[in-house]
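Coordinate inspection notes
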Amino acid sequence: MPGGRLTQQDRQQIALGLADGLAYAEIARGLDRPTSTITREVMRNGGPTAYRADLAHRATEHRTHRRRKTAPRNPGAPSQAHGRDAEAVREYEEVLATVFMQSGLPKMTARVLAGLYTTDAGSLSASQLAGRLQVSPASVSKATTFLESQGLIRRERDERRRERYVVDDDVLYQSMMASARATAHLGEVARQGVGVLGPGTAAAARLENISRFVAFVSESIVRAADQAREILHTKAGTTSDSTT
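All values reported here derive from a predicted model rather than from experimental measurement.

Assigned secondary structure in the chain consists of 10 helices and 3 strands. Each helix and strand of the chain, ordered N terminal to C terminal, gives the series α-α-α-α-α-α-β-α-α-β-β-α-α. Counting every position in the chain, which comprises 244 residues, the buried fraction comes to 32%. Excluding contacts between residues fewer than 6 apart, the proportion of contacts in the chain whose partners are at least 24 apart in sequence is 52%. Of the roughly 15500 Å² of accessible surface on the chain, 55% is carried by carbon and sulfur atoms.

In an α-helix there are 3.6 residues to a turn, and that puts residues three or four apart on one side. Along its 13 residues, helix α8 (residues 137-149) runs 18 Å from first to last C-alpha, staying within 8% of the 18 Å computed at 1.5 Å per residue. Taken together, the buried positions of α8 are Val140, Ala143, Thr144 and Leu147. All buried residues of α8 lie within an arc of 95 degrees about the axis, which places them on one face of the element. Residues of α8 that are exposed and angled more than 90 degrees away from the buried face: Ala138, Lys142 and Ser149. Elements in contact with the buried residues of α8: α6 (107-117), α7 (126-133), β2 (153-157) and β3 (163-167). Positioned one or two residues after α8, glycine 151 has a phi angle of 75 degrees, which is positive.

Okay, the packing of aromatic side chains next. Applying the stated criterion across every chain yields a total of 1 aromatic pair. Residues phenylalanine 100 and tyrosine 117 carry aromatic rings whose centres are separated by 5.9 Å and whose planes lie at 35 degrees to one another, so their mutual orientation is tilted. Of this pair, phenylalanine 100 sits in helix α5 (residues 86-102) while tyrosine 117 is found in helix α6, placing the two residues 17 residues apart along the sequence. Classification of phenylalanine 100 as buried rests on a relative accessible area of 15%.

The subject of this paragraph is the pattern of salt bridges. A complete count under the given rule lists 13 salt bridges for this structure. The partner of aspartate 54 in a salt bridge is arginine 52, and the shortest N-O contact between them spans 3.1 Å. On the basis of relative accessible area, arginine 52 is assigned to the partly exposed category, the value being 44%. The network of salt bridges with shared partners includes Arg40, Arg44, Arg90, Glu91 and Glu94.

Criteria and thresholds
Residues numbered from 1 in each chain as written. Predicted model: local features only at pLDDT ≥ 70, side-chain atom pairs only at ≥ 80, totals over all residues. Heavy atoms only, no water. Helix = DSSP H or I, 4+ residues; strand = E, 2+ residues; numbered from the N terminus. Buried < 20%, exposed > 50% of the residue type's maximum accessible area, 1.4 Å probe, protein only. Contact = heavy atoms within 4.5 Å. Areas by Shrake-Rupley, 256 points an atom, 1.4 Å probe, with all protein chains shown as cover. Expected span 1.5 Å × (residues − 1). Arc of directions from axis to C-beta. Phe/Tyr/Trp six-rings, centres within 6.5 Å; stacked < 30°, edge-to-face > 60°. Salt bridge = Lys/Arg side-chain N within 4 Å of Asp/Glu carboxyl O.

As structure tokens, then:
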């Protein structure tokens, strides 16, 4: 039924659609579901290239069982702000964490980063993170240490001198710039191969083309990131498409 939980047959249809190269929206129409439902389902179960219907179904059953067991552990948990659907927020955090994992972050590190990104304050204490994710303080400590070493979060103290972990609005810009530098380095190395393999040869021409392509892409990333950097610092309620 539309709006109900996905069945194993639904997941098999999703897997078939992905194998046929269908877009999420097209798969969603075939199942009479919102596109966001299909996107969340795929992204939290391996992504479009690794999605398996049977594994996804078992993982969902496991998560449901785990939530039922752990729900009584935190009966005083605060309600979601702004009338948000707590279940939808939790599912979205899983999707976001999965995307971070696919970019190379370990699972717990990805969950911590997703938890920080989805708070309005953009900051949480270690105890708040442990409670939110229902993990041990040691797990949070290990994840935050790694994130801080990578410049993805920073540590600061609040007015009560308690340590809090903060996501910096400029992190994505810095990440883009680092990616552009790495891409540019690939282009430089490719160009070095032209002289080694001999100008005019097929192999040298291939590397020359790679070098030119990579240089153009990396320079474009730098220009676009510089031009759009201020977007990352736009405050809520100040954009033309914001809602009240």
